[in-house]
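Now for the letters of each chain:
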Amino acid sequence: MKRNPTVLVIASSGGHLTQAMCATSTVELELVLVTNKNMLEDSPFIRIHTIRDTQTNILIHAMNVFSAARILLKERPRAIFSTGGPICLPFALLARLSGTRFVYLDTLSRVTELSNSGKFIRKFRLSDSFLCQWQETAEKYGAEYHGQAFNLGDNGHQ
Amino acid sequence: MARPLILVTMGTNEYPFNRLYNYIKNDPLYLDERCEWFVQTGSCEADTTPAIGVVETLIPRSDMEDLVRRSALVISHCGIGSLNLMLKYRKRVIFVPRVASHKEFSDDHQLQIAAEIKNKKMQVVYPSDEFPKLNFDQICADNVLSEPVDITNYDLARIVNLKLTG
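Residues numbered from 1 in each chain as written. Chains lettered and ligands numbered in written order. Predicted model: local features only at pLDDT ≥ 70, side-chain atom pairs only at ≥ 80, totals over all residues.

Trainee: Please set out the packing of helix 2 (residues 58-75) of chain A against helix 3 (residues 89-98) of chain A residue by residue, giving values where relevant.
Mentor: Residues and elements named next belong to chain A. Relative to each other, helix 2 and helix 3 sit at 55°, their axes nearing to 8 Å. Viewed along their axes, helix 2 and helix 3 adopt a mutual orientation that is oblique. The handedness of the crossing between helix 2 and helix 3 comes out as right-handed. Here helix 2 contributes His61, Asn64, Val65, Ala68, Ala69 and Leu72 to the contact with helix 3, which in turn contributes Leu89, Pro90, Phe91, Leu94 and Ser98. (Axes fitted to C-alpha atoms, helices over the stretch in contact; angles between N-to-C directions. Helix = DSSP H or I, 4+ residues; strand = E, 2+ residues; numbered from the N terminus. Parallel < 35°, antiparallel > 145°, perpendicular 65-115°, else oblique. Left-handed = near helix turned anticlockwise from the far one by under 90°. Contact = placed C-beta atoms within 7 Å.)

Trainee: Requested: an account of the interface of chain A and chain B, with residues and values cited.
Mentor: Listed per partner, the contact involves 41 residues of chain A and 35 residues of chain B. Of all the elements in the fold, those that place two or more residues in the side of chain A that touches chain B are helix 1 (15-23), strand 4 (79-84) and strand 5 (101-105) of chain A. Top element by residues in the side of chain A that touches chain B is helix 1 of chain A. It accounts for five residues. Classifying every residue of the side of chain A that touches chain B gives 16 nonpolar, 19 polar and six charged. (Nonpolar A, V, L, I, M, F, W, Y, C, P; charged D, E, K, R; others polar.)

Trainee: Break down the sheet that holds strand 2 (residues 36-40) of chain B for me, with residues and values.
Mentor: Pairing between the strands of a sheet comes from backbone hydrogen bonds, and it takes one of two forms, parallel or antiparallel. All names here are of chain B. The six strands lie next to each other as 3-2-1-4-5-6, forming an open sheet whose pairing is parallel. With partners counted over all chains shown, the strands left at the sheet margins are strand 3 (53-56) and strand 6 (122-124), one partner each. For this sheet, the mean inter-axis angle between neighbouring strands, taken without regard to orientation, is 10°. Relative to strand 4 (residues 73-77), helix 3 (residues 80-88) is tilted by about 160°, and along the sheet it contacts strand 1 (5-9), strand 4 and strand 5 (93-96). (Pairing = 2+ DSSP bridges.)

Trainee: Residues and numbers for the environment of Cys22 of chain A, please.
Mentor: Structurally, Cys22 of chain A can be placed in helix 1. Of the residues examined, Cys22 of chain A has 25 C-beta atoms within 10 Å and is grouped as buried. Distance from Cys22 of chain A to Ala149 of chain A, taken between C-alpha atoms, is 5.8 Å for residues 127 residues apart in sequence. The residues contacting Cys22 of chain A, other than those within four sequence positions of it, are Ala149 and Phe150 of chain A together with Thr152, Asn153 and Ala157 of chain B. (Buried ≥ 20, exposed ≤ 12 C-beta atoms within 10 Å, placed from the backbone.)

And the structure:
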């Protein structure tokens, strides 16, 4: 079966997902989402997979490696994009092992240092591109800075 | 005249945010029939319902967006997803950052975000501050704008597209 090429987007629900949707808003390929709680009704994603989120539970991280492998085998994405949180870690590892392009954008919510997931990905060089949304923090960690996923400015607020 | 809607949102976070819930339930307007409330609590246990309105744990994103659109005032945790929505709908907001010392998150990143909010309609209540007493007339006086503004940064989106597909 011939399929359209896809980009796999990994983002936990809430702010990570909001940023991922902004940052992938001009991607021309079909988008498939992996998240932890599906609170979307209509969305730009052609399919949505859910996996369990954890910060520190090693067992859930280990189980997620298998979930990630299953999703990657099913979707065979052209590239992977993530804004975190920790659910992206098994995908980052498998992307490196399988040679799939992985672009990581560290979350806007970490202003003065990288998120824990970001630090892990940076330390083990798991991404092909590592973008940070705060200029000083980008410089501190040797990441790329290309601005923020959405405009934090005044937007004509009166 | 329709009742002004006051929306409270604590996001999808796993940590309960009881401090924010206590602030609002202790405000006289919580039991005032002139206001309608929608309180999205996440994992916080709410024991008092408002005079008029609903308390829910989690709601679909599109429902949240519709509530934001209709609200006269939003009281929100300082999550980036919430900040995005409030900027998009140009809302009057009272932000209350979650802090680690009250076990409201694992770290204090919401304080860092709070420090970046520079908007005349947005106020931040820090842990050492008192929560402001809500003013009914002021809430009614605010224009409830319904048209969203597109705040996406397309320059970044184009770079991401190139990196993924180029």
